[in-house]
Amino acid sequence: MLKSCLLCNRGLNNNLDLSFILSFRKITPKLVCEGCITSFSTLVDHKTCIRCGKLSAILECADCQQWNDQFVNRAMFQYDEAMRNFFQHYKFQGDYLLRKVFQDQFVNFIQKILKENELIVPIPVDESTMTSRGFNQVTGLMEGLDWKDVLINQRSNDSLHQFQRSRRERLQQDSSFILKSGCDISGEHILLVDDIYTTGATLRQARTTLLRNGATQVRSVTLCR
Ligand SMILES: [Zn+2]
Ligand SMILES: [Zn+2]
């Protein structure tokens, strides 16, 4: 059992009080302290954009009005300062243990929205990221789920240049994903899974590839929006 919070290293109090024991709830050891847990902002039970899942007072957020397509995404948390900080440690400093912080919640969330006929497909990282990071941060969040690895991320090492491209250029860029050879996804309804929905371009590129290869329907779920 962990003795200190995975995120801030403060001591964790794992002692169970009597009311908790009497409630017969399943006991899951704490990984993160109360202070860190409450620093994240959930989107569940909030007014969100019907397309991308972003916190939004209006039905369809400004970003989605610009996309002007039928893409649908669901998300669990706001991508705010606390989340940016989390992903800094998880992805960029490569602390794989941090996948545990949201894993159970995210898996439950996916199971709740998953339709019976849907196939779960994670967004893969490209080869150079896999080499430097050593893991896919998306599948790390999905342990316990059945998914199918059907995509290859071909994004070259020019991701730095992406920032210099205009929004229009980025949107017009063709998909950086290809289908793994030997995968048959014809007629499949697919639920794409990613960690963060930022511009929505990555998920749309993956969807383009999947639809082009015969998938019937593609929507997505992300931990953050
Ligand atoms: Zn903490
Ligand atoms: Zn939206």
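Reference entry: report on the structure contained in this document. Not measured: the values here are computed from a predicted model.

What follows concerns the overall build of the protein chain. What the protein chain contains, in helices and strands, is ten helices and six strands. Within the protein chain, the fraction of its 225 residues that count as buried is 41%. Within the protein chain, contacts between residues at least 6 apart in sequence are counted, and of these 72% link residues at least 24 apart. With an accessible surface of roughly 13000 Å², the protein chain has 49% of that area assigned to carbon and sulfur atoms.

This part covers the coordination of the zinc ion (ligand 1). Each pair of donors in an ideal octahedron of six around a metal sits at 90 or 180 degrees, and each pair in an ideal tetrahedron of four sits at 109.5 degrees. Taken together, C5 (SG), C8 (SG), C33 (SG) and C36 (SG) make up the full set of protein donors to the zinc ion (ligand 1), lying 2.3 Å away. Site description for the zinc ion (ligand 1): donor spacing in sequence, C-x2-C-x24-C-x2-C. For C5, a relative accessible area of 1% gives the class buried. A relative accessible area of 26% places C8 in the partly exposed class.

It is worth spelling out the environment of G35 at this point. Turning to its location among the elements, G35 is positioned in helix α2 (residues 34–37). For G35, a relative accessible area of 44% gives the class partly exposed.

Below, the discussion takes up the packing of aromatic side chains. Enumeration over the complete set of coordinates arrives at eleven aromatic pairs. Considering the side-chain rings of F77 and F102, the 5.0 Å spacing of their centres and the 55° angle between planes classify their relative orientation as tilted. Taken together, the residues span a long stretch of sequence, with F77 in strand β1 (residues 73–77) and F102 in helix α5 (residues 99–113) at a distance of 25 residues. One aromatic cluster is present, built from ring pairs that chain together F40, F77, Y79, F86, F87, Y90, Y96, F102 and F135. The positively charged end of R84 is found above the aromatic ring belonging to Y79, 5.2 Å away from the centroid. Just above the ring of Y96 sits the side chain of R99; from NZ or CZ to the centre is 4.0 Å.

The next thing to look at is the coordination of the zinc ion (ligand 2). At 2.3 Å from the zinc ion (ligand 2) lie its protein donor atoms, namely C49 (SG), C52 (SG), C61 (SG) and C64 (SG). Every donor counted, the four donor atoms about the zinc ion (ligand 2) form angles of 105 to 116° at the centre, which fits tetrahedral coordination. Sequence spacing of the donors to the zinc ion (ligand 2): C-x2-C-x8-C-x2-C. For C64, a relative accessible area of 2% puts it in the buried group.

Sheet architecture is open: four strands sit in the order β1-β6-β5-β2, paired in parallel fashion. Only two strands of the sheet have a single partner each, and these edge strands are β1 and β2 (118–122). Within this sheet the neighbouring strands show an average axis-to-axis angle of 20°, counted without direction. Summarising the sheet, β1 and strand β6 (residues 217–224) pair through four bridges and their orientation is parallel.

This part covers the pattern of salt bridges. All told, the structure shown has twelve salt bridges when counted by the stated rule. Across the pair K91 and D195 runs a salt bridge whose closest N-O atoms are separated by 3.1 Å. One end of the pair, K91, is in helix α4 (residues 81–92); the other, D195, is in strand β5 (residues 189–196), and 104 residues separate them in sequence. Looking at D195, the relative accessible area reads 3%, which means it is buried. Several salt bridges share partner residues, and in doing so they unite K54, D63 and R225 into one network.

Within the secondary structure layout, M83 lies in helix α4. The spacing of M83 and F40 is 43 residues in sequence and 6.7 Å in space, taken between C-alpha atoms. Contacts of M83, omitting those with residues within four sequence positions, involve F40, F77, Q78, F102, L223 and C224.

At 3.6 residues per turn, the α-helix brings residues three or four places apart onto the same side. Compared with the 21 Å implied by 1.5 Å per residue over 15 residues, the 21 Å span of α5 between its first and last C-alpha is a close match. Q105 marks the point of greatest bend in α5, at about 30°. Those residues of α5 not exposed but buried are R99, V101, F102, Q103, F106, V107, F109 and I110. Close packing links the buried residues of α5 with β1, α4, β2, α7 (137–140), β5 and β6.

Analysis parameters
- Residues numbered from 1 in each chain as written.
- Chains lettered and ligands numbered in written order.
- Predicted model: local features only at pLDDT ≥ 70, side-chain atom pairs only at ≥ 80, totals over all residues.
- Heavy atoms only, no water.
- Helix = DSSP H or I, 4+ residues; strand = E, 2+ residues; numbered from the N terminus.
- Buried < 20%, exposed > 50% of the residue type's maximum accessible area, 1.4 Å probe, protein only.
- Contact = heavy atoms within 4.5 Å.
- Areas by Shrake-Rupley, 256 points an atom, 1.4 Å probe, with all protein chains shown as cover.
- Donors = N, O, S within 2.8 Å, 3.2 Å for Na, K, Ca; no water.
- Phe/Tyr/Trp six-rings, centres within 6.5 Å; stacked < 30°, edge-to-face > 60°.
- Lys NZ or Arg CZ within 6 Å of the ring centre and 35° of its normal.
- Tetrahedral: all angles 85-135°; square planar, octahedral: opposite > 155°, others 65-115°.
- Pairing = 2+ DSSP bridges.
- Axes fitted to C-alpha atoms, helices over the stretch in contact; angles between N-to-C directions.
- Salt bridge = Lys/Arg side-chain N within 4 Å of Asp/Glu carboxyl O.
- Expected span 1.5 Å × (residues − 1).
- Bend = angle between axes of the 7 residues up to and from the residue.

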